[in-house]
Structure formats: C-alpha cells, structure tokens
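Residue strings, one per chain:
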Amino acid sequence: MRSISFSMTEPQFLDGTKDVTRRMGWLTLKPGDRLRAVRKAMGLKKGEKVHTLGEIEVVSVRREPLEAIRNEPRGTVREGFAAMNYEEFITFFCAGHTGCKPDSVVTRIEFRRIG
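Here the structure is a predicted model, which is why all the values come from computation and not from measurement. (Residues numbered from 1 in each chain as written. Predicted model: local features only at pLDDT ≥ 70, side-chain atom pairs only at ≥ 80, totals over all residues. Heavy atoms only, no water.)

**Observations regarding the overall build of the protein**
Alright, step 1. Of regular secondary structure, the protein possesses 3 helices and 5 strands.
Alright, step 2. Counted from the first residue to the last, the protein has its helices and strands arranged as β-α-β-β-β-α-α-β.
Alright, step 3. Here the C-alpha atoms of the protein give a radius of gyration of 14 Å, agreeing with the 13 Å that 2.2 N^0.38 yields for 115 residues.
Alright, step 4. Referenced to the eigenvectors of the C-alpha coordinate spread, the extents of the protein come out at roughly 40 × 30 × 30 Å.
Alright, step 5. Residue burial in the protein is summarised as follows: out of 115 residues, 40% are buried.
Alright, step 6. Sequence-distant contacts in the protein: of pairs separated by 6 or more residues, those separated by 24 or more amount to 70%.
Alright, step 7. Roughly 6,600 Å² of accessible area belongs to the protein as shown, and the carbon and sulfur atoms make up 54% of that amount.
Alright, step 8. Distance from the positive charge centre (21 side chains) to the negative charge centre (15 side chains) of the protein: 6 Å. (Helix = DSSP H or I, 4+ residues; strand = E, 2+ residues; numbered from the N terminus. Rg over C-alpha atoms; globule rule 2.2 N^0.38 Å. Buried < 20%, exposed > 50% of the residue type's maximum accessible area, 1.4 Å probe, protein only. Contact = heavy atoms within 4.5 Å. Areas by Shrake-Rupley, 256 points an atom, 1.4 Å probe, with all protein chains shown as cover. Lys, Arg positive; Asp, Glu negative; His and termini not counted. Charge placed at Lys NZ, Arg CZ, Asp CG, Glu CD.)

Quick look at the structure:
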C-alpha cells in the first residue's frame with residue numbers, strides 16, 4: 001500500500017478536522033485508492049521507522065492551481081486550518097514545497113479515514 005505523509009498537518013489529520021489535502025505530484029491517484037497515512041515517509045534518519053497514523057480512501061481527486069482554494073467554500077477549514085485565510089494557507093503550502101507558487105498546479109485529494 002502506498003504511503004502518504006501528513007508531516008505538515010499531523011495534528012489536523014489525527015483530530016479529524018482535515019479531509020482534504022493538496023499535493024505536488026500524485027498524478028496517478030484515483031477515487032477508491034487506499035493509502036497508508038504516515039507521520040513521515042521520506043528523509044528518515046538511520047534508525048527511524050515509518051509511523052502509521054491510519055488508513056484513508058480517496059473520495060475525489062483533481063488537478064488545479066493552488067490558488068483555486070480561494071473559490072472553494074470552507075477550503076482552508078477542510079484542510080484543517082479553520083483560523084487561516086486563503087492567502088495564509090497558500091503561503092504556508094508554498095513555504096513547505098520547493099518551487100511552489102500560487103499558480104502552481106497541485107493535486108487536490110478529498111479523502112475519508114477508514115477505521
């Protein structure tokens with residue numbers, strides 16, 4: 001099973017306030033795919049192990065510019081950031097992804113937790 005990291009949003013994933021995530025890449029993902037949610041998947045140091053947070057099923061997936069979140073009612077809320085406005089979220093996302101700009105095309109993934 002493919003792993004998907006929630007290293008930047010682990011608290012939101014665990015408390016259930018997050019049911020949408022945006023990613024660079026993830027071009028082959030489709031509704032119905034199941035993924036293992038993990039704390040961190042890449043860049044593990046020697047001796048570190050993957051920590052599983054749960055399992056998710058993809059509900060919907062689409063490609064769109066990151067800044068399209070401005071047109072999505074409750075967009076930042078569904079990302080787990082109720083107190084963040086759209087501009088703050090875009091800045092936060094781009095800060096964590098090299099080469100990201102507001103008009104970068106990202107994969108928007110809606111998911112549901114399993115179990």
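**Here we look at the pattern of salt bridges**
Oppositely charged side chains are able to pair whenever their charged atoms sit close together.
Alright, step 1. In this structure the tally under the stated criterion is 15 salt bridges.
Alright, step 2. We note a salt bridge from E72 to R108, for which the minimum N-O separation is 3.0 Å. In this pair, E72 is assigned in the loop between β4 (52–65) and α2 (75–78) and R108 in strand β5 (residues 105–114), connecting sequence segments 36 residues apart. With respect to class, E72 is no different from R108; both count as buried.
Alright, step 3. With its nearest N and O atoms 3.0 Å apart, the salt bridge here joins R78 to E110. (Salt bridge = Lys/Arg side-chain N within 4 Å of Asp/Glu carboxyl O.)

**With respect to the side chain of R108**
Alright, step 1. On the accessibility criterion, R108 (3% relative accessible area) is buried.
Alright, step 2. A polar side-chain atom of R108 sits 3.0 Å from a polar atom in the side chain of E72.
Alright, step 3. For R108, the residues in contact, after removing those within four places along its chain, are V20, T21, R22, S60, V61, R62, E64, E72 and R78. (Polar contact = N/O pair within 3.5 Å; in protein donor to acceptor, adjacent residues only side chain to side chain.)

**Remarks on the sheet that holds strand β3 (residues 34–38)**
Alright, step 1. If you trace the 5 strands from one edge of the open sheet to the other, you get β1-β3-β4-β5-β2, paired in mixed fashion. On the outer flanks of this sheet lie β1 (3–5) and β2 (20–23), each paired with one strand and no other. Across this sheet, the average inter-strand angle for adjacent strands is 45°, counted without regard to direction.
Alright, step 2. Note that β3 and β4 share 5 bridges and pair antiparallel. Within the sheet, the bridge partner assigned to L35 lies in β4 and is I56. (Pairing = 2+ DSSP bridges. Axes fitted to C-alpha atoms, helices over the stretch in contact; angles between N-to-C directions.)

**A word on the packing of aromatic side chains**
Alright, step 1. Evaluated as defined, the whole model comprises 7 aromatic pairs.
Alright, step 2. Measuring from centroid to centroid gives 6.1 Å for F81 and F89, while their planes differ by 50°, and the two rings are tilted. Just as F81 is buried, F89 falls in that class too.
Alright, step 3. Site record: aromatic cluster; members linked through ring pairs are F81, F89, F92 and F93.
Alright, step 4. Across from the ring centre of W26, 3.6 Å away, lies the NZ or CZ of R2, which sits over that ring.
Alright, step 5. In this structure, R23 is placed above the aromatic ring of F6, and the distance from its NZ or CZ to the ring centre is 5.0 Å. (Phe/Tyr/Trp six-rings, centres within 6.5 Å; stacked < 30°, edge-to-face > 60°. Lys NZ or Arg CZ within 6 Å of the ring centre and 35° of its normal.)

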